[in-house]
Amino acid sequence: MNDMPINQSTSQPINYILHLADDALIMSQRLSEWTGHGPVLEQDIALTNIALDYLGQARNFYQYAAQKQNEAESATGPQALLPGGEERSGEVTEDSLAMLRLEHEFKNHLLVELPNGDWGQTVLKVFFFSAYQKLLMQQLVHCTDEQVKGIAEKSLKEVSYHLRWSREWVLRLGDGTAESHERMRLALEAVWMYTGELCVQPDYHQGWVDYTAMKTDWMEHVQHTLAEATLDAPVAAGFQSGGLYGRHTEHLGYLLAEMQYLQRVYPNSEW
Amino acid sequence: MVDPEIPVLTIEDLGILRSVAWSDDAQQWIISITPTYSGCPATDLISTQIRLALLEHGIRNFSIRQVLSPAWTTDWMTEAGKEKLRQYGIAPPVGKAIDEALLENTIVPCPRCGSTHTKLVSAFSSTACKAFYECQDCLEPFDHFKCH
């Protein structure tokens, strides 16, 4: 993909690490919108806890990406990583990577930036993403990069718990009342076209993951759960993609505007 | 030093403190800690408290490192730690963390009355490391430190 709006060589591991970090951060930011709005206190807390796990994963990956970038720059001199080739003062940090990059520089899947919708749509999204993330981490724990391996080991247990929780909700709502079944059917219709991008190998991959095997396993797990939930996977006319290369839905810009507002208005502010 | 969220346990009981060693090369103490969960907000606080404790004792040449691998597990919690947890009102982790099948049908005894007639209310609770249960006999709600 040559039209990648990223001013970095595609082969650099930092792109792949940012891709992993961006997924976790955007997922976290979206889910945290539920904080204080959950249908019952216990489930409000569940989503908030899951969002916190994602934030922790994102921080681990961003810290590593920043370290790699700073190491590279100490050899070659500063490279513009910030938007518009702006002069950057000081080193890249986890915060500058999360709070000062623009929409087209984010490499997350489209699925994670979609609005939450109702409860059914939210848990369905968590289910699709967790099923993907569990398979991903199961492979990354064997990767040759010690730091990525460590983060994956740490994340795998959390992700397994997310999958168990979200799967239970998909079953309960899909195979629930007429109303809950209908809501899940609608959620599936809204979200399914964004799942095609999961388990697709990005051009900047590092050879750590067998994406073909992952896709087969993901589909099998998802189809099995949907069938158990008495839901039919829609026959998609086409799948949306582009998130991996910075081509996002209109939803990401609004999310970033809210998330990055404080750092952009009060640069370097801390609390 | 105790955990900020569970003040009856030390960071050693919890298995957060992995090692303290003198490095001849770096001429400093290397303190290695590991987070319980990736996003556990207590990790930063624990690191700050270690720093303060060392400075208070006049130790200046040290560095605190966060290690992720091997990933923290409740299997590292000491037996004494588990007992302190139970007395504090939190049901300690049941079984071994690796046993995924066990997760499905874990029986968590009530830390108050010991009854095994308990019910999972929510898979998530007050902190990332706990789940929320209710005792069907003494009716007391309680936290369970999840197997992880």
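(A) Spotlight on the overall build of chain B. Counting secondary structure elements, chain B contains 3 helices and 7 strands. Taken along the three principal axes of its C-alpha coordinates, chain B extends 55 × 30 × 25 Å. The buried share of chain B, reckoned over its 148 residues, is 33%. Intrachain contacts of chain B at a sequence separation of at least 6 include 49% that bridge at least 24 residues.

(B) Region of interest: the domain arrangement of chain B. All names here are of chain B. Along its sequence, chain B is carved into domain 1 (1-72) and domain 2 (77-145). One C-alpha centre belongs to domain 1, the other to domain 2; they are set 26 Å apart. Counting from both sides, the interface comprises 11 residues of domain 1 and, opposite them, 11 residues of domain 2. Of the residues in the side of domain 1 that touches domain 2, the class split is 6 nonpolar, 3 polar and 2 charged.

(C) Inspection of the packing of helix H1 (residues 13-31) of chain A against helix H2 (residues 41-76) of chain A at higher detail. All names here are of chain A. Across the interface, H1 lies against H2 with an axial gap of 8 Å and an inter-helix angle of 155 degrees. Classed by the angle they form, the pair H1 and H2 counts as roughly antiparallel. Remark: the crossing between H1 and H2 carries left-handed chirality. By residue class, the composition of the contact of H1 with H2 is 20 nonpolar, 3 polar and 1 charged.

(D) Focus on the sheet that holds strand E2 (residues 28-33) of chain B. Residue and element names in this part refer to chain B. An order of E1-E2-E3 is seen for the 3 strands of this open sheet, with the pairing classed as mixed. Edge positions in the sheet fall to strand E1 (17-23) and strand E3 (62-66), since each of these pairs with one other strand and no more. Taking the axes of each pair of neighbouring strands and ignoring which way they run, one obtains an average angle of 20 degrees across the sheet. Pairing of E1 with E2, which is carried by 6 bridges, proceeds in the antiparallel orientation. Within the sheet, the bridge partner assigned to Ser23 lies in E2 and is Gln28.

The rules we used
- Residues numbered from 1 in each chain as written.
- Chains lettered and ligands numbered in written order.
- Predicted model: local features only at pLDDT ≥ 70, side-chain atom pairs only at ≥ 80, totals over all residues.
- Helix = DSSP H or I, 4+ residues; strand = E, 2+ residues; numbered from the N terminus.
- Buried ≥ 20, exposed ≤ 12 C-beta atoms within 10 Å, placed from the backbone.
- Contact = placed C-beta atoms within 7 Å.
- Domains from an automatic or database assignment.
- Nonpolar A, V, L, I, M, F, W, Y, C, P; charged D, E, K, R; others polar.
- Axes fitted to C-alpha atoms, helices over the stretch in contact; angles between N-to-C directions.
- Parallel < 35°, antiparallel > 145°, perpendicular 65-115°, else oblique.
- Left-handed = near helix turned anticlockwise from the far one by under 90°.
- Pairing = 2+ DSSP bridges.

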